[in-house]
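Chain by chain, the residues:
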Amino acid sequence: MQETAVPSAPPTPPVSLAALLSRDDLGLRQITGPPAGEVTLHGAHTSEMSDPYPYLLGGELLLTAGVHIPEAAGRPGSFDFDGYVARIVAAGGAALGFGVAPVHDTVPAGLVAACEEHGLPLVEVPPRTTFSGVARAVWQLMARARLSELRRITEAQQGLAAAASRPDPVPSVLRRLAGRLEGRAVLYGPEGAEIAAAGREPGDEVRRALAELARFVTGHPSSTATDTVAGTRLAAYALGPGRGFVLGVAAPHRESGDHTIASVAAVLLSLLTGEHQSGTGAARSSALVRLLLGARREEVAPLLGGGEGDGAVTRWYVVHARPDTGAPDAVSASALGAALGSPLVDAADDVVRVLVPAPPRAEGGGGVQPEGNGGVRSEGDGGVRPEAGAAAPRKPPAGSGPAGSGPAGSGPAAQPGWTLGVSAPVAPAEWPAADAQAARALARARATRSALVRHAERPRFADLVPPGEAEAHARALLAPIGGVPALAETLRAWLSLHGSWDRTAVALSVHRNTVRQRIARCAALLSADLDDPDVRMELWFALRHLRG
């Protein structure tokens with residue numbers, strides 16, 4: 001299971017370079033590089049910098065008119081084309097678009113040779129085509145792809161729901177799912193035997209591998225796993241906590257949205273196979289009634305099931321999640337809860353909150369390992385998003401947790417199609433604080449375009465100061481901005497994102513100029529030089545100790 005702090009590509013449906021080249025109104029021409037049908041774009045960016053590496057997120061079509069390239073670049077050694085192209089490739093650039101005129105009459109031969117050497121697609125942009133026109137065409141194609149994906153998912157949801165209402169609901173759901181994915185859908189029973197199946201019969205190797213993947217997720221509550229065998233994409237979804245039913249899917253290819261469609265089918269099949277037969281529904285209802293009647297959280301937590309036991313104490317994660325496309329609905333939220341191993345889901349506004357029981361600690365204790373990321377740690381999608389499709393091992397690796405969890409002791413893992421913020425594992429009495437941790441982690445995940453960010457649980461220098469004294473100092477230091485919550489919130493986000501205006505704007509859903517104005521106001525009210533690292537450190541510690 002891959003962990004990385006490198007931001008993932010933007011969470012938008014990629015488009016093919018071939019689709020862009022097919023636009024006659026643009027007149028683009030590919031000069032060199034791999035076939036356009038094999039190149040996917042996640043956006044377009046214009047830069048005349050001689051080193052565009054710091055300004056690329058990965059997956060872009062980089063557009064340049066060669067302003068940074070001397071007119072005498074045709075002479076050997078006049079410009080380092082190889083180094084320029086190498087930096088674009090290192091940054092994850094998908095292709096390079098070179099605008100002919102007004103600086104250069106033709107695409108420099110050295111640039112063509114460098115792109116061919118590094119395998120970077122090079123596209124000639126004619127004089128009549130503006131870079132803004134190319135960028136607009138990319139975004140239009142991406143919007144069209146997003147709309148097509150959402151329409152496909154919506155139609156599949158409606159079809160699966162209609163199938164679930166038929167007199168033979170389980171076979172009907174399997175048939176509809178197999179048809180949508182153009183593959184095979186199988187329902188396995190608690191003993192691993194096929195109860196029902198639909199779709200094209202795969203070969204013996206694929207059939208055995210799918211059954212083995214289903215056995216892998218059996219015993220791991222509401223977990224999922226994926227694999228690829230003989231060119232066929234496999235996926236298994238455990239249906240309900242600890243009941244042994246598993247949905248297995250085998251498809252010759254995977255399109256964006258397939259995981260969401262299969263997850264919807266898994267939720268429906270969970271209901272059809274008897275979600276409440278274990279009595280957990282009654283226990284959760286009892287817990288809700290007791291909370292409403294004044295019981296403490298730690299008293300009702302055992303009724304919720306699961307959890308890491310230390311006597312009568314259980315520890316839980318709070319997860320905040322936002323879908324990469326569209327707004328969350330009840331079905332997709334339930335599917336997310338099933339993937340994370342918890343039925344305790346709250347879908348409100350644009351954020352889904354899930355209360356996830358912490359798995360038992362491994363022998364020798366692991367806990368969350370410290371990361372140098374300001375109290376959080378990031379995980380890129382690392383093949384977890386639907387387009388990447390990371391394959392899980394067909395046998396559980398030593399020391400690993402459920403498929404819905406990260407490495408042993410690290411908590412919930414990234415989920416395809418979602419951006420997640422995860423709190424530290426806490427006792428029930430600390431759920432409100434964990435809720436705030438998860439909210440901040442989600443804001444950072446969105447700002448850094450990471451699939452998942454965790455609030456790390458680790459010893460801190462700030463813990464050496466008595467909490468009462470630390471809070472009193474924090475209130476005194478931050479008193480000038482204490483009456484304007486937006487200023488404190490902006491300062492906290494800006495410091496946590498290392499002074500990035502753009503990322504702070506994304507995290508707070510405001511314009512970058514608003515961020516600049518608020519930070520300037522904070523500096524004036526606090527009479528502080530926010531470029532001084534010592535000042536930033538003191539303010540950060542104060543914000544972390546400020547309550548309310």
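Draft legend 1. Structural context of the overall build of the protein. The helix and strand inventory of the protein stands at 17 helices and 18 strands. Taking as baseline every contact in the protein between residues at least 6 positions apart, the subset at least 24 positions apart corresponds to 67%. For the protein, the computed accessible surface area is about 25100 Å², with 54% contributed by carbon and sulfur atoms.

Draft legend 2. Up close: the sheet that holds strand 10 (residues 224–229). Spatially, the five strands line up as an open sheet ordered 9-8-12-11-10, and their pairing is antiparallel. Looking at which strands have only one partner, the edges of the open sheet turn out to be strand 9 (194–199) and strand 10. Direction aside, the axes of adjacent strands within the sheet are offset by 15 degrees on average. As paired elements, strand 10 and strand 11 (residues 232–238) share six bridges and run antiparallel to each other. Bridge assignment links Asp227 to a residue of strand 11, and that residue is Leu234. Relative to strand 9, helix 5 (residues 169–181) is tilted by about 40 degrees, and along the sheet it contacts strand 8 (184–188), strand 9 and strand 12 (246–251).

Draft legend 3. How the structure looks around the pairing of strand 10. In terms of residue burial, strand 10 counts as a mostly covered element, since five of its six residues are buried. Counting the residues in the hairpin turn of strand 10 and strand 11 gives two residues, including Ala230, whose phi is positive at 50 degrees.

Draft legend 4. Fine view of the pattern of salt bridges. Taken as a whole, this structure holds eleven salt bridges when the rule is applied. Put simply, Asp204 and Arg207 hold a salt bridge, and the shortest N to O gap is 2.4 Å. With a gap of three residues between them, Asp204 and Arg207 both fall in helix 6 (residues 204–217), about one helical turn apart. Taking relative accessible area as the criterion, Arg207 reaches 30% and is therefore assigned partly exposed. A salt bridge links Arg353 to Asp346; its shortest N-O distance comes to 3.1 Å.

Draft legend 5. Quick look at helix 14 (residues 485–496). For helix 14, which comprises twelve residues, the first-to-last C-alpha distance of 17 Å matches the rise-based estimate of 16 Å (1.5 Å per residue) to within 8%. For helix 14, the complete set of buried residues consists of Leu487, Ala488, Thr490, Leu491, Ala493, Trp494 and Leu495. In this structure, the buried side of helix 14 is in contact with helix 13 (479–482), helix 15 (501–508), helix 16 (512–526) and helix 17 (533–545). At the exit of helix 14 stands His498, carrying a positive phi of roughly 55 degrees.

Draft legend 6. Layout of the packing of helix 2 (residues 81–90) against helix 3 (residues 109–118). Their axes nearest at 9 Å, the elements helix 2 and helix 3 cross at an angle of 45 degrees. As summarised for this structure, helix 2 and helix 3 are arranged oblique, according to the angle between their axes. Viewed along their axes, helix 2 and helix 3 form a crossing whose handedness is right-handed. Here helix 2 contributes Phe81, Asp82, Tyr84, Val85, Ala86 and Val89 to the contact with helix 3, which in turn contributes Gly110, Leu111, Ala114, Cys115, Glu117 and His118. Each residue belonging to the contact of helix 2 with helix 3 can be placed in one class, and the counts come to eight nonpolar, two polar and two charged.

Draft legend 7. Quick peek at the environment of Ser165. Residue position: Ser165 is located in the loop between helix 4 (131–164) and helix 5. Overall, Ser165 belongs to the exposed group, its relative accessible area being 60%. Residues Ser165 and Leu272, spaced 107 residues apart in sequence, show a C-alpha to C-alpha distance of 10.0 Å.

Draft legend 8. Layout of the pairing of strand 5 (residues 60–64). Taking burial as the measure, the five residues of strand 5 include five buried ones, the bulk of the element. Both faces of strand 5 are covered, namely the face carrying Glu60, Leu62 and Thr64 and the face carrying Leu61 and Leu63. Of the strand pairs in this sheet, strand 4 (residues 43–46) and strand 5 are connected by four bridges, and their pairing is parallel. The residue bridging Gly43 from the neighbouring strand is Glu60, located in strand 5. Where strand 5 lies against strand 6 (residues 95–99), four bridges are found, and the strand directions are parallel. Within the sheet, the bridge partner assigned to Leu62 lies in strand 6 and is Leu96.

Draft legend 9. Region of the structure containing the sheet that holds strand 7 (residues 122–125). The mixed open sheet is built from five strands, whose spatial order is 2-7-6-5-4. On the outer flanks of this sheet lie strand 2 (29–32) and strand 4, each paired with one strand and no other. Shown here is a sheet whose adjacent strand axes are inclined to one another by a mean of 30 degrees, direction ignored. Examined bridge by bridge, strand 6 and strand 7 share four bridges and lie parallel to one another. The residue of strand 7 that forms the bridge with Gly99 is Val125. Packed onto the sheet, helix 4 meets strand 4, strand 5, strand 6 and strand 7 and runs at close to 165 degrees relative to strand 4.

Basis of the calculations
Residues numbered from 1 in each chain as written. Predicted model: local features only at pLDDT ≥ 70, side-chain atom pairs only at ≥ 80, totals over all residues. Heavy atoms only, no water. Helix = DSSP H or I, 4+ residues; strand = E, 2+ residues; numbered from the N terminus. Contact = heavy atoms within 4.5 Å. Areas by Shrake-Rupley, 256 points an atom, 1.4 Å probe, with all protein chains shown as cover. Pairing = 2+ DSSP bridges. Axes fitted to C-alpha atoms, helices over the stretch in contact; angles between N-to-C directions. Buried < 20%, exposed > 50% of the residue type's maximum accessible area, 1.4 Å probe, protein only. Salt bridge = Lys/Arg side-chain N within 4 Å of Asp/Glu carboxyl O. Expected span 1.5 Å × (residues − 1). Parallel < 35°, antiparallel > 145°, perpendicular 65-115°, else oblique. Left-handed = near helix turned anticlockwise from the far one by under 90°. Nonpolar A, V, L, I, M, F, W, Y, C, P; charged D, E, K, R; others polar.

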